[in-house]
Structures are given as C-alpha cells and as structure tokens.
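Here is what each chain is made of, one letter per residue.
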Amino acid sequence: MATETETTPACVSDVDINARADADTMTVYWTKPDNATSDVIYEIHMREVGDNDHGPRTRRVSHTHCTIDGLEPERSYDITVDMLTETSGSNPDRIPLGRRTFTTGSDKRLLDVTGSPYNATGDGRTLNTAAIQRALDDCGPGDAVLIPEGVFLTGALRMHADTELVVAHGAVLQGTANPLDYLPMLPSRFEGIELDCYASLITIGHLDHNAGATCRNVVIRGGGTIAGGGRALAEAVIERERGRVEAELTVTGQSLDDYEKPETIPGRVRPRLITVANASNVEFADVTFANGASWTVHMIYSDHIVTHGCTFRSHGVWNGDGWDPDSSEDCTIFDCDFDTGDDIIAIKSGKNPEGNVIARPTRRIRIFDCRASEGGHALAIGSEMSGGVEDVDVWDCDLSGLWYGVEVKTTLKRGGWVRGLRVRDTVMRRGVIRAVPYNDDGIGADTPPVLEDFRFERVRLLGGLPDDVDAGAPREAIHIQGLPAPATPIRGMVFRDVTLGSADDESGAYDIVANRCEGLEIRGIRCVAYGAAYGKAFLERSGE
C-alpha cells in the first residue's frame, strides 16, 4: 500500500490523485477531469524525493491510471499528473492536474505455505485449509502469505487486519465443492437481507451494521487465481438447505413455489467467493477471481476498497455478480475485465424494510477503464437500494458485451434513493433506468424511492440483443421508466453527445423511450444506421 506523505492541492479542483504500491511497484490513478474528452493523453512525472542527480521518470497514458515498476522500497516519490490536450507539437497544450507524494511499501517476509511449519501441498487433491489458515494467522504487518505455483485445495479462510496474501503467477487457490468446508456459517447479507450464510472462501472482517471498520489494511495480489467451487458448490448448498427451508416456510403457510425459483430461498445462504465486512483500506490487485457459488467480491459496511488489474469470471453461475459494494463508501475499481453470469458490478444498500432501518448508504463509487465485452447482464445500481446510493462515476469503459449496459433498477416498495450517477466516454448496448417487477417482497417503505440526477455524456449505445437475453428485457437504446404514482417521476436526466446504433445492427438501436420523468435533456444525438448515414429516433414522453 502506498503511504501519502505530502499533499499539494490539485490544479484542477475536480481531480483526486491516489496511489497503491508494494515494495517496488506503484500504481497511480486519478479522477477524470470534467473537461477531459476521450482522446486526451495524460503525462505522469515521478521523481524520488531528495534525488537531485536523476531526472524524473515520465510516462504517457491514455487512461486515468499508470503503473511504474522498478522502484525502491520505503522511498518517497513525488508524482505530478498533467493532461495534454494537443500532443502533435514539441510543446503540447498542458493542463496540470495535481501533485502528490507517496511512499512505497517495505520488503516483506514471505510465509510460503509449502514450507515448514505449514507444509501445504499444491497437487489439487490435498485439503490445505488448516495449513493456509495457520499461515494467515501468523501473518503480521511485515509479512505476506505466499501461495506458490500449484493448485491448493481449501475450504473457508479468514484474513485479519494487516494481512497480505500473495497468490503467485501459476498458483490457484481452489475452493472445494463441499458445503461442510464452509462451516460454521457467518453473519452476512444477501439481496439486502442480513442472515447467516456459509462462510466465503475468503472472509475479511466481521459483519456488524452498528459498527464502523473493525478490520484494516488487507491486500490480496500476485497474478494468480482464486477460484470457488462454482455451480457444484452452489447446488450442493441448495440441496443441503432445501429441507430446512421447506419446513420453515410450511409454518408460515408458504412454499418454495411462491418464489421466483424453487432454489431462490435455499440459495440465499450460498457462500460468496470473497466477503469484505466492516473493513477499511482493502486492495485487490492483479488476481483472477473465478467460479464463485454466487457473488464474487462482496463489500458490506466497508470503505476505501480498491480493485485493479483483476479478472472476474463467473459465466454460467447463477447470481454470478462480479464486484458488489453494499452499504459501502469510497470504493474504486479500474483496469478490470469481466465475463460474468449476472451483473458485472451491482451497487447496493439493503432492501426494505431492513435496509431502510439500517440506513447505511453507498457513496463515492468510481469505476473506470473496465471491460465487459464477453458477457454479463449490467453495470447495475439496485434493485436493493433502500439505504440510498449516491455519487457514482463511470468513465472510459467498454461494456459492449452486457445485456443492458448501465442499469438503475428499483421497485415501489424500496424507499431510499439513487442520485448522482455520471457515465462518460463509455460504450454499451443501452442505458436503462426502470422499475422492475421482480424481487419485490418485504414491507414497503413509508415513502417511495427517489431517482434523480443522472448524466450520460459522450456515450455510444450500440443496441442489438445477445442470444441469451431475457425475453422481457428492454430493447431500446435508452429506456427510462419511472415508478407509478405516488412516487415522484425520475428527475434530472441528461443525455449529451450520444451515438446511437452500430453499423451492422438495427434491433432497437435507435429507439428512445422515456416515461414518468421530469427535466429530461437530450442533446447532440448522432445515429449510425445499417447501410446509411443516419437512422430513426423515437421519443415518447409522458407523465411530465
């Protein structure tokens, strides 16, 4: 983790510069300036503090992050970031964005799980839960647990404060498919409801909605893979829980058939791949997360979670979300790839009535330079948003493989709010803000949810429908459907500099449908039609 030792105010007020570092590598990242377009270049200068004999290291990048290696441990480096709006000449137009000083980490002692006294075996058959957990328990602030090359089979693990786990290139930390390896159950939250669930493959912190952070400074990195028991584990948990759930529902006069699927209720206690609960300052870097039994990385009541350089794979996994901040703040994800069986990212804050009572919002979420060109449902907010969601900023993403693109979803019962969503310089199939007919159980809030302040700028909406899309999925490039009265209409919708359609697909690519919204601004629409220079645009506005 990089330590900030000096702060100099940014020259552009909307830019925040941060860094993450180990002993010899630093990744610097910053918010995209309001006046930056998709074609700007950024120039990063790094100079070691006190080194007057050497010039700065200079890098130019097209995205709002840069990794520099070959550094020295426990050294302070002065970082400046400039935005270049014209680079063709010898003196480009330069806008200073800011300056920060960060310090690299220390060289840590590696606790190799295959060495004494742990003696784990990476043959893919030997169960190593006790050995790896012992290494994690022994890990102090100056240590890091190393999973070397091999396949290390394990059940549930826990990480405490000031712990680092290095899953090396060629290493696989492989979760079993046996539900008994994820006992005892732990307090968790699924689809907005707190309940005891099978322990995740890795759990960081302990859930308590009345508390702040109780676990700090955790890192998982290294270039390897953390894989769960996948569908086999999910089905085994559901089968194990089915009888107990049926008995409980019978007492209330219900049955499994009353829900979306017979596996809906017994499936709620499936383990996540990784749970972060009541934790602060957690980093996931350069790791592949694969085949969880449900959601992949789930952050609850946590803050300052940074994820970068990671790959999320859960295609074919029911509820296979990738990265889910839930009643959490200051969560950042960038430079990640997704191929998921559900939403690549799902931003949540609890479900009525419990989410209204706990009332812990999700705030300040930053998502940039992420790619989902293979598959997935949406980059979603909701539908569990009863505690409120605000200040979500998305930029420079390729979401072309998703069913919906960016989707805000809610129901009349939820309460809470979603406000302050901004999407910039992003490619996706469609933008969707709507009320959904599913997942609408629970006692309704005293007031309906409020949806307001959504901005889409310089986005391309491709349209088109993948083969596996739901039959009832919206087909329009822009689909806005506010809640019925007594809810207020969606307020403050802005679409500027939007390109509709693609050169080889016409299905719904140029349609705009907007119902129950106020203050809708659509400006600078460009259509790309199959075999033509322009296409059709349809706007239906009612309830204003």
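Structure shown above.
Conventions and cut-offs
- Residues numbered from 1 in each chain as written.
- Predicted model: local features only at pLDDT ≥ 70, side-chain atom pairs only at ≥ 80, totals over all residues.
- Heavy atoms only, no water.
- Pairing = 2+ DSSP bridges.
- Helix = DSSP H or I, 4+ residues; strand = E, 2+ residues; numbered from the N terminus.
- Axes fitted to C-alpha atoms, helices over the stretch in contact; angles between N-to-C directions.
- Phe/Tyr/Trp six-rings, centres within 6.5 Å; stacked < 30°, edge-to-face > 60°.
- Buried < 20%, exposed > 50% of the residue type's maximum accessible area, 1.4 Å probe, protein only.
- Salt bridge = Lys/Arg side-chain N within 4 Å of Asp/Glu carboxyl O.
- Core = buried A, V, L, I, M, F, W, Y, C linked by side-chain atoms within 4.5 Å.
- Contact = heavy atoms within 4.5 Å.
- Patch = residues over 30% accessible without salt bridge, like charges linked within 9 Å, V, L, I, M, F, W, Y side chains within 5 Å.
- Areas by Shrake-Rupley, 256 points an atom, 1.4 Å probe, with all protein chains shown as cover.
- Lys, Arg positive; Asp, Glu negative; His and termini not counted.
- Charge placed at Lys NZ, Arg CZ, Asp CG, Glu CD.
- 1 Å grid on protein atoms, 1.4 Å probe; cavity = no way out; pocket = protein on both sides within 12 Å on 5 of 7 lines; lining within 4 Å.
- Points joined across faces, edges and corners; volume = space filled by probe spheres on them.
- Nonpolar A, V, L, I, M, F, W, Y, C, P; charged D, E, K, R; others polar.

Undergrad: What am I meant to see in the sheet that holds strand β3 (residues 26-30) here?
TA: Pairing between the strands of a sheet is mediated by backbone hydrogen bonds and can be parallel or antiparallel. Across the sheet, which stays open at both edges, the 3 strands sit in the order β2-β3-β6 with antiparallel pairing between neighbours. Each having just a single partner strand, β2 (17-21) and β6 (65-68) make up the two edges of the open sheet. Across the sheet, the mean angle from the axis of one strand to that of its neighbour is 15 degrees, orientation sign disregarded.

Undergrad: Quick question: what am I supposed to make of the packing of aromatic side chains here?
TA: Each aromatic ring pair is described using two quantities: the centre-to-centre distance and the angle formed by the ring planes. Scanning the entire structure with this criterion turns up 10 aromatic pairs. Centre to centre, the rings of W30 and Y42 are 5.5 Å apart; their planes meet at 70 degrees, and the pair counts as edge-to-face. With W30 in strand β3 and Y42 in strand β4 (residues 41-48), this pair connects stretches of sequence that are 12 residues apart. The class of W30 is buried, set by a relative accessible area of 1%. Between F312 and F338, the aromatic rings sit 4.7 Å apart at their centres with planes inclined by 10 degrees, giving stacked as the arrangement.

Undergrad: Where do I start with unusual backbone geometry in this structure?
TA: Negative phi characterises most residues that are not glycine, and trans characterises most peptide bonds. Here S116 and P117 are connected by a cis peptide whose omega angle stands at 5 degrees. Here P117 is to be found in the loop between β9 (109-112) and β10 (123-127). Between L183 and P184 the backbone carries a cis peptide bond, its omega angle lying at 5 degrees. For P184, the location among the structural elements is in the loop between β15 (171-175) and β16 (186-190). In this structure, D391 takes a positive phi of about 60 degrees despite not being glycine. Here D391 is to be found in strand β34 (residues 389-395). The phi torsion at D453 lies on the positive side, around 65 degrees, for a residue other than glycine. Within the element layout of this structure, D453 appears in strand β40 (residues 450-457).

Undergrad: What should I look at first to understand the pattern of salt bridges in this one?
TA: Side chains carrying opposite charge are able to pair once their charged atoms draw close together. Taken as a whole and judged by the stated rule, the model has 39 salt bridges. With a shortest N-O distance of 2.8 Å, R364 and D330 are connected by a salt bridge. Placement of R364 in strand β31 (residues 362-368) and of D330 in strand β28 (residues 329-334) is noted, with a sequence separation of 34 residues between them. Overall, R364 belongs to the partly exposed group, its relative accessible area being 30%. Here D330 falls in the partly exposed class, since its relative accessible area comes to 21%. Between E457 and R422 there is a salt bridge; the shortest N-O distance is 2.8 Å. Of this pair, E457 sits in strand β40 while R422 sits in strand β37 (residues 417-424), and the two are 35 residues apart along the sequence. Of the two residues, E457 and R422, neither departs from the other in class, the shared state being buried. A network of salt bridges, in which partner residues are shared, links E329, D330, R363, R364, E390 and R419.

Undergrad: Could you clarify how one ought to interpret the nonpolar core in this entry?
TA: The nonpolar side chains of a soluble globular protein tend to be buried, and buried together. Counting 96 residues, the largest nonpolar core has I204, I226, F284 and F456 as the members making the most contacts within it. Those residues in contact with I226, other than ones at most four positions away along the chain, are V167, L173, L201, I202, I220, L273, I274, V287, T288, F289 and A290. Counting residues in each nonpolar core, the second largest holds 22 residues, with V15, A21, M26 and V28 among its members.

Undergrad: What am I meant to see in a negative patch on the surface here?
TA: A cluster of acidic side chains, namely D24, D69, E72, E74 and D107, defines a negative patch on the protein surface. Looking at the element boundaries, E72 is found in the loop between β6 and β7 (76-86).

Undergrad: Can you walk me through the layout of surface pockets in this structure?
TA: Where empty space is left in the structure can be found by rolling a water-sized probe over the atoms. Estimated volume of the second largest pocket: approximately 770 Å³. As for the second largest pocket, its lining consists of 37 residues, and the residues nearest its centre are A21, D22, E164, V219 and R221. Taken together, the elements giving at least two residues each to the lining of the second largest pocket come down to β2, β3, β6, β14 (163-167), β19 (215-221) and β22 (279-285). Counted by class, the lining of the second largest pocket contains 11 nonpolar, 15 polar and 11 charged residues.

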